[in-house]
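Summary of structural features
Below, each chain spelled out in residue letters.
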Amino acid sequence: MAETTGADSQYLWMDGEITPYANATVHVLSHSLHYGGAVFEGLRAYSSKLGIGLFRPKDHFDRFLDSIRVMGYCIPYSSKDLTKASHELILQNEFKSCYVRPIAYINDTVRGLKLPETPKVHTAIAVWAWGKYMGNEGHLKGVKVKTSTFRRADISSSLPLAKISGAYVTSVLARREATLEGFDEAILLDPHGFVAEGSGENIFIVKNNEIITPSLGYILPGITRDSVIKIAKELGISIKEENITRNQLYVADEVFFTGTAVEVTPIREIDHHQIGNGLPGPITQKIKDLFFKCTQGEIEKFKNWVDFS
Ligand SMILES: Cc1ncc(COP(=O)(O)O)c(C=O)c1O
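This one's a predicted model, so the numbers in the text were calculated from it and none came from an experiment.

**Regarding the overall build of the protein chain**
When its secondary structure is counted, the protein chain shows eight helices and 17 strands. The globule rule puts the C-alpha radius of gyration for 309 residues at 19 Å, and the 19 Å found for the protein chain is close to it. Projected onto the principal axes, the alpha-carbon positions of the protein chain cover approximately 55 × 45 × 30 Å. By the burial criterion, 44% of the 309 residues in the protein chain qualify as buried. Of the contacts formed within the protein chain by residues at least 6 apart in sequence, a portion of 70% connects residues at least 24 apart.

**Brief notes about the domain arrangement of the protein chain**
Split by domain assignment, the protein chain resolves into domain 1 (11-128) and domain 2 (135-295). One C-alpha centre belongs to domain 1, the other to domain 2, and the line joining them spans 26 Å. Taken together, the contacts link 20 residues of domain 1 with eleven residues of domain 2. Of all the elements in the fold, those that place two or more residues in the side of domain 1 that touches domain 2 are helix H1 (31-35), strand S3 (39-40), strand S4 (43-48) and helix H2 (57-70). Among the elements that take part in the side of domain 1 that touches domain 2, H2 stands out by supplying five residues, more than any other.

**Some remarks on the pairing of strand S7 (residues 121-128)**
As paired strands, strand S1 (residues 11-14) and S7 are joined by two bridges and run antiparallel to one another. Bridge pairing links tryptophan 13 to isoleucine 125 in S7. Sheet topology note: the strand S6 (residues 98-106)/S7 ladder contains eight bridges and is antiparallel. Paired with tyrosine 99 across the bridge in S7 is tryptophan 128.

**Some points on the nonpolar core**
One finds Cys98, Ala104, Val127, Val145, Ile205, Val255 and Ile267 to be the most contacted residues of the largest nonpolar core, which totals 77 residues. A per-element tally of this core places S6 first, with seven residues. Residue-level mapping places this core at the junction of two domains, with at least three residues from each of domain 1 (11-128) and domain 2 (135-295). With residues near it in sequence (within four places) discarded, valine 145 still touches Ala178, Phe183, Asp184, Glu185, Ala186, Ile187, Ile267 and Ile270.

**Overview of the site of the ligand**
In the vicinity of the ligand lie 14 residues, with Gly222, Ile223, Thr224, Gly259 and Thr260 positioned nearest. The leading source of residues in the shell around the ligand is helix H6 (residues 223-234), at three residues.

**Looking at unusual backbone geometry**
What is expected of a backbone is that most residues other than glycine have negative phi and most peptide bonds are trans. Even without being a glycine, asparagine 208 presents a positive backbone phi close to 50 degrees. Structurally, asparagine 208 is set in the loop between strand S11 (202-207) and strand S12 (210-213). For glutamate 263, which is not a glycine, the phi torsion comes out positive at approximately 55 degrees. Locating glutamate 263 in the fold gives a position in strand S15 (residues 263-270). Taking the C-beta count within 10 Å as the criterion, glutamate 263 has 21 such neighbours and is therefore assigned buried.

**Some thoughts on the packing of H6 against helix H8 (residues 282-295)**
As a packed pair, H6 and H8 sit with axes 10 Å apart at the nearest point and diverge in direction by 110 degrees. Classified by the angle between their axes, H6 and H8 sit roughly perpendicular to one another. The way H6 lies across H8 gives a crossing that is right-handed. For the pair H6 and H8, contact is made by Ser227, Val228, Ile231 and Ala232 and by Ile287, Leu290, Phe291 and Cys294, respectively.

Here is what the cut-offs are and how they apply
Residues numbered from 1 in each chain as written. Predicted model: local features only at pLDDT ≥ 70, side-chain atom pairs only at ≥ 80, totals over all residues. Helix = DSSP H or I, 4+ residues; strand = E, 2+ residues; numbered from the N terminus. Rg over C-alpha atoms; globule rule 2.2 N^0.38 Å. Buried ≥ 20, exposed ≤ 12 C-beta atoms within 10 Å, placed from the backbone. Contact = placed C-beta atoms within 7 Å. Domains from an automatic or database assignment. Pairing = 2+ DSSP bridges. Core = buried A, V, L, I, M, F, W, Y, C linked by C-beta atoms within 7 Å. Near = placed C-beta within 6 Å. Axes fitted to C-alpha atoms, helices over the stretch in contact; angles between N-to-C directions. Parallel < 35°, antiparallel > 145°, perpendicular 65-115°, else oblique. Left-handed = near helix turned anticlockwise from the far one by under 90°.

Here it is, written out as structure tokens:
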């Protein structure tokens, strides 16, 4: 796994200031650490002939601000401010391609769950070099996944539109279970038994030249998912959003994950069932190729997805 600690960056952005890495600390009794109420985002910057481009920053920061609203927090920054701060931070760290991790959190020390009436919400942005999330080989040849024993929570008490740190415990445990059993990643079902998503990725299947992805409801409405839906339409490939069963996974011609971290990664095996011929399929490959061209600002129609400064 090409996962790093982020220690390769020299600076973070905290509450409006570029801060040395070692100074970017929070109190051990911080409310967000104890009760999981931090809110985060994840986006990537790509190096290209046109410069360093953030991929769909407005969509990512708008979702960040929505997650903040879900928690009842308030921060004094707009999507535009956070985009500008990310560019400055990337420049300061002398990065070219990297991952960008905004986070909002309460650093007030805890005396129980109750938040102060107007909690001070801190905002930070970290950047780190992040290669292929599931390794180069997984990215090229496909990954091996298992259906998790963990499921997405019932909609009455889950908040799938928001990236709230506490909600990620299920994903962390699902990923741990999968890794300990020798798989690269987990697929979580929804409470009704339909396929939802990976621990931090959306999922797509291809059957008879048609793409299907689970409808919104129990999944994070991924920005990469949205990009792939638009790319498929552009390529003239039929695509629909509907319930997918575990059975459909096993008999799919192709299956792939999408997400900021995982980008577009083929799945070659699910629960010990080989998918298709065990190699990335032609539709996955087409989507993946066009997706990466989009990240480079090379496709006129989707050029506005990339923000160069
Ligand atoms: C649970 C979950 N699903 C899907 C995704 C993919 O979303 P995006 O493409 O916006 O990164 C992510 C990553 O943010 C995630 O955490």
